[in-house]
Amino acid sequence: MTAQATRSPAGQRRAGTASLLRALRAEWVKFRSVRGWAAGMVVAMLVMLAVGLFAAGNANIACPGAPGQPVRTGPACLPRIPIGPGGEAVTDSFYFVHQPLTGNGSITVAVTSLTGRHFGGAAQAGQGPLAGLVPGAVGWAKAGILISQSAKQGAAYAAMMATGGHGARFQYDYVNDVPGRPGRPSPAAPLWLRLVRSGDTITGYDSAGGSHWARVGTATMPGLPQTVQAGLFVTSPLSTVTTASFGGSSGQSGPSQATAVFSHLAMPGASPGGWVGTNAGAGPASPGTGVGGFRRSGGTFTVTGSGDIAPAVPGAAGFPAATIEDHLVGAFAALIAVAVIGAMFITAEYRRGLIRTTLAASPRRGQVLAAKAIVVGSATFVLGLAASVILVVVGTRISRDQGEYVLPVSWLTQARVVAGTAALLAVGAVFALGVGAMLRRGAAAVATSIVGLVLTYVLGVAAVLPAPAAEWLLRVTPAAGFAIQQSIPAYPQVAGGYGPPVYFPLSPWAGFAVLCAWAAAALVGAYVLLRRRDA
Amino acid sequence: MSRAGAGRLRPREPDMTGQDLLRAGGAASRAAPPAGLSARLRAGASALQDALRAEWSKLLTSPGTFWLLAGAVAVTVATGAAAAAATRCQPGAPCQVDTARLSLTGVYLGQAAIAILGVLVVSGEYSTGMVSVTLAAMPRRLIVLTAKAILATGLAMAAGAVACGGSLLAGALILPGHGFTAARGFPSLSLADGPVLRATAGSVLYLGLIALLALGTAAALRDAAASMGTVLGLLYLFPIVAAFASDREWKRHLEQAGPMTAGLDIQATRDLHSLPIGPWAGLGVLAAWAAAALLAGGLLLRSRDA
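Not measured: the values here are computed from a predicted model.

1. A word on the overall build of chain B
Counting its secondary structure elements, chain B contains twelve helices and zero strands. When the helices and strands of chain B are listed from N to C terminus, the series reads α-α-α-α-α-α-α-α-α-α-α-α. Scored against the burial criterion, the 306 residues of chain B give a buried share of 49%. Pairs at least 24 residues apart make up 77% of the contacts formed inside chain B by residues separated by at least 6 positions.

Next up, the structure:
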């Protein structure tokens, strides 16, 4: 002891590192030599694979065939979804009254009215796309001016618009949305809109009277060609009628349609008779009615359109869409198994009395706990990563073969979802280890960890509790960590049912941080108790 | 303890009681005249009585039992009260809340404590080695398992009755203040109301069946932690997979087959036609799971070394 006291700080650090390495090696030997644990880890991953592949394999997509042909199934049903400039799936259907605009320039218009019709919840049995629509423009009905890179679906664009319920907006490239003046246009209070193109940038302005203009936002669009398409557009997204029932709520969606009246259209260099109407993106994958058109009398344009210009999200896209994390649904089953192993990694030592030997061999108890956490966490992470990669790669392929469209996401997001799922399992195992060290009894530790990690998730996603209570659980309990699996963000400018199990109340990393905080708290509690208690 | 000292830990005829062995004089057992059916039944009943008394002393003197039962009651009532306190019926808006089911939400949490009890009744003996003594003293293993099952179920249902009664009372006190009044179609929760009585008594039965499911699983797997993980995994697997199933038919089938999803349909008091499975049929599904676990546990217990 006296010899140690006179050691230099560096020497102490070296000794500490050496003893941690010894503890790590000891714990690794224990971990791999208990046959039940190794088998449990493998079973955990197999269950995760089985649940995920089962979920992917029962999509049962069917779609109507051509007239007179039987119903089609499988890949024949895969919708052709446009991909936006950012690589995300988008909805790009609207009515466009346009002509080419070459070089720098601007387009200005006054919107004097925006009205519409929307799905009212009544079933429509083949009476045409407009049957069963009730009067009223939906909140995200859009009418305004748009500059598009090309007529191609999914092309880059910037638009200034009036909306049914969210005031003036400047939106560009599907995912970006900037608010402008509040209010909905009327003949008494028209809304003036202007887009100015200058090189690679497009700037949106709005105004109440057409004389004082306020800048709303600027979009930079590298590679914007010399000649672009500019003009008036109208579109109106899916309308969802939510019916609350005693077991939760269910939504029914149908199309909507908007009609807008424009005046004072001005685009320097445009030919007054050159305006052409295009029903852009109408087709089976469009959420719209497919009906649209425009009428011109003097300087007034009346345009009707349906659809949306927005990112395609599950629930609002108008077609069955899966996400990559749908294939990782089995993670909770693996989490149960790794929580059992994590808790047993220490409670088994108490049961057998091995803990006394362990602590006699490495008296620095914090190091023992750290070594155990590192061993069980890393082993879980490695196996979880392998299972997640297999599931996302194979599951996505199975879903596509079934005719289910899997929403594409960037490589970075895929990596986050896959590695995040592995990390979720690893942190869950460490949490269970901490709980096990605190409680020392296997059954109690396993029950506490699984209730904390998985029951909270069940209650959060399975529509058992009223929505606010479920959301609260997914914010504060360890189940918040499942947010790391969410690949498609919730967009405020797209009306959709943004609830679990697809959407989490916290952002991916914030949710994961909540789980990490729980694991850290469990480890700190374990450390304090382990130091204070006799073995 | 040596095998010789423990007697025949693995009797060739497991149905033979110690008394049979004494009477028959060990090796000559096959030659002895068969006892009458009523005598055998009497012997079985008295063996069960002994086993019940022995198991009761064990349960009573184990410090965990009281805390587990008290914990089950506390978390059930607290969770139910919290769920009721978090739910409001706003004036003007439609409220579609099954108030009885909402008040009994705590069963989701309380069942974990009951499951621990069911697991520990069996696994606790394996972890301390006590099981060799128990089976030496009472060689008829199925009688031991039956005694354990009766006591665990009884205790679980006693705690369940307190917990569910308390939850209902909490709901009846809290909900009217949150807009769930008779004027809006939510009469005060009372056991005099048929469906509410069925939901409450059914929840108590549900907890008893969970104890049996846990006990059977523990008898099959022996290890406490592994049994606990298996029971909770079985309970939670179905609702999660159902939540993600894109196909409505599959979703319904999963909810009909899951021990928790089907079993807790007993709590529904409104909108019964929209349930995946009827209340009593759902409880029957859980009973089938519990019976399967007990069967597996019983068979393994009979055929294995302790």
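After that view, the rundown keeps rolling.
2. Section: the overall build of chain A
Within chain A one finds ten helices and 22 strands. Projecting the C-alpha coordinates of chain A onto the three principal axes gives extents of approximately 100 × 60 × 40 Å.

3. Describing the packing of helix H4 (residues 331-352) of chain A against helix H9 (residues 224-244) of chain B
Packed helix pairs are characterised by how far apart their axes lie and by the angle those axes make with each other. Two elements in contact, H4(A) and H9(B), have axes whose closest approach is 9 Å; the angle formed by their N-to-C orientations is 165°. Viewed along their axes, H4(A) and H9(B) adopt a mutual orientation that is roughly antiparallel. Read as a crossing pair, H4(A) and H9(B) show a hand that is right-handed. In this structure, H4(A) uses Phe332(A), Ala333(A), Ile336(A), Ala337(A), Ala339(A), Val340(A), Ala343(A), Met344(A) and Thr347(A) to contact H9(B), whose residues at the interface are Ala225(B), Ala226(B), Gly229(B), Leu232(B), Gly233(B), Tyr236(B), Leu237(B) and Ile240(B). Partitioned by chemical class, the residues of the contact of H4(A) with H9(B) number 14 nonpolar, three polar and no charged.

4. Here we look at the domain arrangement of chain A
Residues and elements named next belong to chain A. Along its sequence, chain A is organised into domain 1 (38-58 + 322-490 + 505-532) and domain 2 (90-319). The gap between the C-alpha centroids of domain 1 and domain 2 is 44 Å. Opposite the five residues of domain 1 that make contact, domain 2 presents six residues. Along the lines of polarity and charge, the residues of the side of domain 1 that touches domain 2 split into four nonpolar, one polar and no charged.

5. What to know about the packing of H4(A) against helix H7 (residues 411-439) of chain A
Residue and element names in this part refer to chain A. It is the contact of H4 with H7, at a shortest axis distance of 7 Å, that shows an interaxial angle of 35°. Here H4 runs over H7; the crossing is right-handed. Within the contact between the two elements, H4 uses Ala-331, Ala-334, Leu-335, Val-338, Ala-339, Ile-341, Gly-342, Ala-343, Phe-345, Ile-346 and Thr-347 and H7 uses Thr-421, Leu-424, Leu-425, Gly-428, Ala-429, Val-430, Ala-432, Leu-433, Val-435, Gly-436 and Ala-437. Of the residues assigned to the contact of H4 with H7, the class counts are 17 nonpolar, five polar and no charged.

6. Quick notes on the interface of chain A and chain B
The interface of chain A with chain B comprises 40 residues on the first partner and 38 residues on the second. Of all the secondary-structure elements, those providing two or more residues to the side of chain A that touches chain B are helix H3 (35-57), strand S14 (239-245), H4, helix H8 (442-461) and helix H9 (467-476) of chain A. In terms of residue count, the dominant contributor to the side of chain A that touches chain B is H8(A) (twelve residues). Tallied by class, the residues present in the side of chain A that touches chain B amount to 32 nonpolar, six polar and two charged.

7. Details of helix H10 (residues 508-532) of chain A
Residue and element names in this part refer to chain A. Compared with an ideal rise of 1.5 Å per residue, which puts 25 residues at 36 Å, H10 spans 36 Å between its outermost C-alpha atoms and is within 8% of the ideal. Turning to H10, its buried residues are Pro-508, Gly-511, Phe-512, Leu-515, Trp-518, Ala-519, Ala-522, Leu-523, Ala-526 and Leu-530. As for H10, its buried residues are in contact with helix H6 (365-401) and H7.

8. A look at the environment of Gly377(A)
All names here are of chain A. As for its position among the elements, Gly-377 is in helix H6. C-beta crowding within 10 Å serves as the criterion here: with 22 such atoms nearby, Gly-377 is assigned to the buried category. Each C-alpha atom of the pair Gly-377 and Arg-296 lies 68 Å from the other, and the pair is 81 residues apart in sequence. Other than its neighbours up to four places away in sequence, Gly-377 contacts Ala-426, Ala-429 and Val-430.

9. Some thoughts on the pairing of strand S11 (residues 201-207) of chain A
All names here are of chain A. As paired elements, strand S10 (residues 191-198) and S11 share seven bridges and run antiparallel to each other. Paired with Arg-197 across the strands is Ile-202, a residue of S11. Inspection of the sheet shows S11 paired to strand S12 (residues 214-220) by six bridges, in the antiparallel sense. Each bridged residue has a counterpart across the sheet, and for Thr-201 the counterpart in S12 is Thr-220. Connecting S11 to the antiparallel partner S12 that follows it, the hairpin turn spans six residues, and Gly-210 within it adopts a positive phi of roughly 85°.

Criteria and thresholds
As a convention, each chain's residues are numbered from 1 in the sequence order in which they are written. Ligands are numbered from 1 and chains lettered from A, in the order in which they are written. Predicted model: local features are reported for residues with pLDDT of at least 70 only, side-chain atom pairs are reported and counted for 80 or more only, and whole-chain, interface and lining totals are derived from all residues. Strands are runs of DSSP state E lasting at least 2 residues, helices are runs of H or I lasting at least 4, and numbering of each runs from the N terminus. Backbone-placed C-beta atoms define the burial measure: a residue is buried with 20 or more other C-beta atoms within 10 Å of its own, exposed with 12 or fewer, and partly exposed in between. Any residue pair is listed as a contact if its two C-beta atoms, each placed from the backbone, are within 7 Å. Lines fitted to C-alpha atoms define the axes here, with helix axes fitted over just the stretch in contact, and angles between the N-to-C directions of these axes take values from 0 to 180 degrees. For classification purposes, an angle smaller than 35 degrees is called roughly parallel, one larger than 145 roughly antiparallel, one from 65 to 115 roughly perpendicular, and anything else oblique. Each crossing gets its hand from how the near helix is turned against the far one by less than a right angle, where anticlockwise is left-handed and clockwise is right-handed. Charged residues are taken to be Asp, Glu, Lys and Arg, nonpolar residues to be Ala, Val, Leu, Ile, Met, Phe, Trp, Tyr, Cys and Pro, and polar residues to be all remaining types, Gly included. Those domain boundaries reflect an automatic or database domain assignment. In this scheme, a helix's expected span is set at 1.5 Å multiplied by one less than its residue total. Each pair of strands is called paired provided DSSP finds at least two bridges between the two strands.

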